[in-house]
Each structure stands twice: as structure tokens, then as C-alpha cells.
Amino acid sequence: MDIISFISKRFWVLGLLFVVLVALAALPLYASSYWVVRFTAILMYILLTASWATFSGPSGYMSLATAAFFGVGVYTSALLGKALPLQLVIVIGGLASFCLGLLVGALTLRLRGIYFAVFTFGLVLLIQRFLLWLEMTVMRTRGRILDPVADNTIYYIMLAIFVATLLTAWLIGRSKFGLALKSIGENEEAASHTGVNVTLVKIITFAISAVFMGAAGAIMAPKWVYIDPYIAFNVLLSFIPVLMAIFGGLGQLYGPIIGAALFAYLQQELQESEFSEYYLFIFGGILVVAIAFMPSGLVGLIQKLIQLIQKWRKGGTAEQNANT
Amino acid sequence: MPILEGEGVTKYFGGLAAVSNVDFHVDQGEIVGLIGPNGSGKTTLFNLISAALVPKPGVIKFKGENITGLQPHKICRMGVARTFQSVEVFANMSVLENVLLGSLFGTLTGMSSAEASREATKLLEFVELSMVKTTPAKDLTLANQKRLEVARALATKPELLLLDELMAGLNPTEVAQAMELVTRIRGEGITIFMIEHVMKAIMNVCDRIMVLHHGEKIAEGTPEEIATSRTVIEVYLGA
């Protein structure tokens, strides 16, 4: 690719991103609150998926701890929401998840493959049950009530976390840590013999990805008004980002983003349609088909299509040349 | 002056002594060969030096400093780099990225990314892989993957390079090229400790050869001494 087309391509990408961002930022001005609420959820799913993919994508360590980090954020909000300003609560929620990420990372990132996945999932159940036990036996009330926050405020904070997540994911992806993480996913032993402190790189990136999950939980809590351990540590939230990322296609940052956006939209549509009773069933069906026929996700499918078109066009011009 | 020393280095796998009470040393600037029949503990000894495994008991010293029990990345940064018997490149990363990783993480002082990519480009020229810079490592031939591993190891600016069967599986032309590469690496002032089965290569290139058998060091000497040693011939020919 020559310089000019490279620059112009970059220009278009940046321009497009800018337009999307402005459209998102102005959403409450032109869309009804119904759409603002729906977009809040979509942004949440995208940011959860993107932060999951930041660590698990290149490293190959499948984390199922998303719900744990999210739940920590939710509970931070529930405990501190009435005492502190909202923005501060969000930051503390993110930091609490970061600390949990460091701790869990230090404990578990020596485990490989399936053991790591199972442990991280166990963590979600462990915290959920522990909180439940604490609330039932010590506090003798289950769940908590939060002060409601305006939908638009929640939307704007979610948008801010969303932008921060994507920016961080992008920066990590192109930094030397991104390269190290990729090498760990390729061959951890060789990476450590090439000077990469594999344990440190894994723990830090894992904890950074947890920050955004925690922050997202902290802002979703006031939207729900009532929360309890089942809502906060909803195990589905551990699996959905994984599915969304695979659906979109791992490897590139935009894969999980596109996957999550489409997936979340589809989920909402199905939930509201006349099939709402079976939405999980239909959803599962779509997923099975997607994974069976698009092993590299939507992005892989699109790349294949582009290749086909290019081939077809090349073939076409070659034929024309042959004819003249 | 020895750059690498081992005293009583031992490693048990269950009840089996893979490496048993081996004393060894490699002098600055030398090329030392490590030979022995399959299963004699050569790769285990390399794993002990590069800290993939920890000797028990035994002490390994690098430039006089005890490095036993350090983590692999620390040993790498101190100046001991290695390649692997079963080629272990980062298959889905480009050739340049493979080497870049070494420059970015493998040195004690670290370097800026601009410096690192200059360094990596230079090393790819050194091992003659500049043409395939952007190719994913998995698409290279075996010989080139081995060269890539060497470049990645060199990117960490080692003083001692451990080569684990660099020539295994290569055709005669490629073996000749690999031997030439080894000599050029020594020319850069890097000490080399190499495991090899290709006798012609090891006899030509090495200053000194160590022979392992059932985890024990049974002989050591110049290539001529080893080639005429009764014990070594007995071990190899089973006579």
C-alpha cells in the first residue's frame, strides 16, 4: 500500500470514528429516552466485551471473572452511592475491581487453560454466595436500594467509560505490552525465555481490563435501583462477553466491538419481539450457527468476502485484458 | 575465565536422574559442544541453565554470580539466551515482531521502540531473513524458523547463547549455512554452548566438546580427543 492511500485510509477511519462519537454524544438530544436506555445497555456490552478481549484475546487465557469485577462495581455503588458523588463512586468501583484483579491474577495466572477459566468462574460464585450469606446472617436484609440517577447521566457516564475502555484497549494493543501479551498467547515458555516477565504482564493487563468492568457495574447499579448478590454477580455476564467476542471475531479490536454491538442489539430486539419467551433459545441457535460456520467470527467472514470480491474483480479485469 | 559454571548440577524426574552431578564450565569466547545419545540429559541441562527447570541439588553460576533459581526472564536479561530443540517461534506473529520482542524485553537496560526496531531489522539482516520480515513465522521453512529463533535470541543481547540442535532436520546446504552462522555469531564476541547431533558440524565448529550419557558427564576434550575416545565410541556404538 502506498503512502497516500495509507494516509487517506487513516483519515477516513479517524473521521468515521469522530462522527460516530459525536452521534453517540448527541444521542439524548435527538433520541427518545427509550433509545438512550437501550444504547446504555449496548455500550455496556461493548465495553465489557472489549475489556475482556483486551486480556483474553491475545493471551489465550479465557477469563470468566467478568461478572465478579462487574459485581464488585455494583456493590461499591450500593455501599457508597449515598455518601459520595457519583463520579467518585465510579472511580472507586473501578479501583476496587483493579485490586481484585491483581489479587486474583497473582493467585490464578499460573494456572493454564481450562483451570484458569474454571477458577475465575468459581470466583464469581464464591463472592456471590459469600455476600448472600453475609446479608442473610449478619445484616439480616437481602439486597440494597439505591438512589435513582437520571437516564441521561447514566448514559453519559457509560459513554465516558466506553471511550476510555476502547482507548485503553487500542493503546495496549499497539504497545509493547500488547506484543508481550500476544507472545504469551503464542508460546508462553518462549516468551519468558525471551525476557518477558510473563507473570507480571498477565497480572497487570488482567487487572487493567477489570477496571472498566468494575466502573461499568458501578454506573449500572443506580439504574437498577434495587440490587442483590444475584443481580450484581449475574453469571450470564461472565459468558456473554466471551460469546460476543467470539461472534465478532478475536484477533482485531474491532471484531469484539462489532460482535458485541450486533449481539446486544439482537438480544434487545428478540427480548421485545413476540418471541421474547424463546429469546434465549433463538439466541443460542444463532450462536451455534455462527460458531459452526464462521470460526473466525463476523470479521473473518467479512475479510473472506472482501477477498472474494477482490479476486472476482481481478479475474474480471484479467478477462477484459485477454479480450482486448 | 569461565562465563558459565555448574557445580554438582542434578535433576531428578521422579526416581530417574535426568542430569546427575554434572560439573561443567564454558569459557568466555568459546564454542562448546554438548553431545550424547538420545535421552542422555542434554536438553535437561540446557533447561537447567536457562531456568526452565531448577537443579536440585546443584549450583549454576553466570559470570561468577549464582543464578540458580532465578526466573527465566531474569536469566535472559542477564545475558543468557537460548533456542529450542522443537522450534518455538511465535507462529502467528510476523518475523519482525518475533525479533522485536527480544529487543524490547530481553535486555537489562531496555530500549526505546525506535531503537528496538532498528536493532531487530539489523539482526534480520544478520541471519538473512530481511526478505520475509512481514511474513507470519509459521509460514517459514524449518531452516528459516531456526534462523528466526537465533535472531530472537540475539535480540536480547546475550553474552552466552545456548543452541539446542540448531542443525537437526536441515539438509546439507542448510547445515553448512547454519555452521557459517554460528561462526559469525562467535565473531560478534558471543560465547556459544551448543547441543548437536550432526557430528560434522560439531567437530568443525567447536573448541571443546562435553559428552553426556545417562545424565552423567563421561568425557570432555577437544574434538580430536573426543573423536578418538574409547568411552565415547563405546557409548555411541554400543560396543
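Structure shown above.
Quick caveat, the model's predicted, so the values are computed rather than measured.

1. Overview of the overall build of chain A
Piece 1. When you go through chain A residue by residue, the secondary structure sums to 14 helices and two strands.
Piece 2. A compact globule built from 324 residues would reach a C-alpha radius of gyration of about 20 Å, and chain A, at 22 Å, matches this within 12%.
Piece 3. Each of the three principal axes of chain A carries a C-alpha extent, and together these read 85 × 55 × 40 Å.
Piece 4. Here chain A holds 324 residues, and 43% of them are scored as buried.

2. Examining the sheet that holds strand 4 (residues 59-62) of chain B
All names here are of chain B.
Piece 1. Reading across the sheet, the four strands line up as 2-1-4-5 and stay open at both edges, with antiparallel pairing between neighbours. This sheet does not close on itself; its edge strands, each paired only once, are strand 2 (16-27) and strand 5 (65-66).
Piece 2. Of the pairings in the sheet, the one linking strand 1 (residues 2-13) to strand 4 comprises four bridges and is antiparallel in character. Within strand 4, the position partnered with L4 by the bridge is F62.

3. Remarks on the interface of chain A and chain B
Piece 1. Across the contact, 15 residues belong to chain A and 23 residues belong to chain B.
Piece 2. Looking at the side of chain A that touches chain B residue by residue, the class counts come to four nonpolar, seven polar and four charged.

4. Remarks on unusual backbone geometry
Residue and element names in this part refer to chain B.
Piece 1. Residue P57 is reached from K56 by a cis peptide bond, and omega for that bond is -5 degrees.
Piece 2. Structurally, P57 is set in the loop between helix 1 (42-49) and strand 4.
Piece 3. We note that K63 has phi near 50 degrees; this positive angle belongs to a residue other than glycine.
Piece 4. Its location among the elements puts K63 in the loop between strand 4 and strand 5.
Piece 5. Unlike most non-glycine residues, K157 shows phi in positive territory, near 50 degrees.
Piece 6. Mapped onto the secondary structure, K157 falls in the loop between helix 5 (142-155) and strand 7 (160-164).
Piece 7. Given 20 C-beta atoms within 10 Å, K157 falls into the buried group.

5. Side note on the nonpolar core
Piece 1. L47, A68, A180, A216 and I219 of chain A together with A151 of chain B are the most contacted members of the largest nonpolar core, which totals 163 residues.
Piece 2. Broken down by element, this core gets its largest block of residues, 16 residues, from helix 9 (residues 198-224) of chain A.
Piece 3. Dropping the residues within four chain positions of it, A180 of chain A is found in contact with A191, V196 and V201 of chain A together with L101 and F105 of chain B.

6. Re the environment of V127 of chain B
Residues and elements named next belong to chain B.
Piece 1. Position of V127 among the secondary structure elements: in the loop between helix 4 (113-126) and helix 5.
Piece 2. In this structure V127 comes out as buried when scored by C-beta crowding, with 22 C-beta atoms within 10 Å.
Piece 3. Expressed as a C-alpha distance, the spacing of V127 and A178, which sit 51 residues apart in the sequence, is 9.4 Å.
Piece 4. Those residues in contact with V127 that sit more than four places away from it in its chain are R147, V150, A151 and L181.

7. Regarding the environment of C76 of chain B
Piece 1. Relative to the helices and strands, C76 of chain B resides in helix 2 (residues 72-78).
Piece 2. Among the residues examined, C76 of chain B registers 28 C-beta atoms within 10 Å and is labelled buried.
Piece 3. Separated by 25 residues in sequence, C76 of chain B and A51 of chain B have C-alpha atoms that sit 9.2 Å apart.
Piece 4. For C76 of chain B, the residues in contact, after removing those within four places along its chain, are H193, T194 and G195 of chain A together with A81, G106 and T156 of chain B.

8. Thoughts on helix 7 (residues 151-174) of chain A
All names here are of chain A.
Piece 1. With 24 residues, helix 7 should reach 34 Å at 1.5 Å per residue; the first-to-last C-alpha distance of 35 Å fits that figure.
Piece 2. Those residues of helix 7 not exposed but buried are I154, Y155, I157, M158, I161, F162, T165, L166, A169 and I172.
Piece 3. Along its buried surface, helix 7 packs onto helix 2 (27-30), helix 3 (33-59), helix 5 (86-108), helix 8 (176-193) and helix 9.

Thresholds applied
- Residues numbered from 1 in each chain as written.
- Chains lettered and ligands numbered in written order.
- Predicted model: local features only at pLDDT ≥ 70, side-chain atom pairs only at ≥ 80, totals over all residues.
- Helix = DSSP H or I, 4+ residues; strand = E, 2+ residues; numbered from the N terminus.
- Rg over C-alpha atoms; globule rule 2.2 N^0.38 Å.
- Buried ≥ 20, exposed ≤ 12 C-beta atoms within 10 Å, placed from the backbone.
- Pairing = 2+ DSSP bridges.
- Contact = placed C-beta atoms within 7 Å.
- Nonpolar A, V, L, I, M, F, W, Y, C, P; charged D, E, K, R; others polar.
- Core = buried A, V, L, I, M, F, W, Y, C linked by C-beta atoms within 7 Å.
- Expected span 1.5 Å × (residues − 1).

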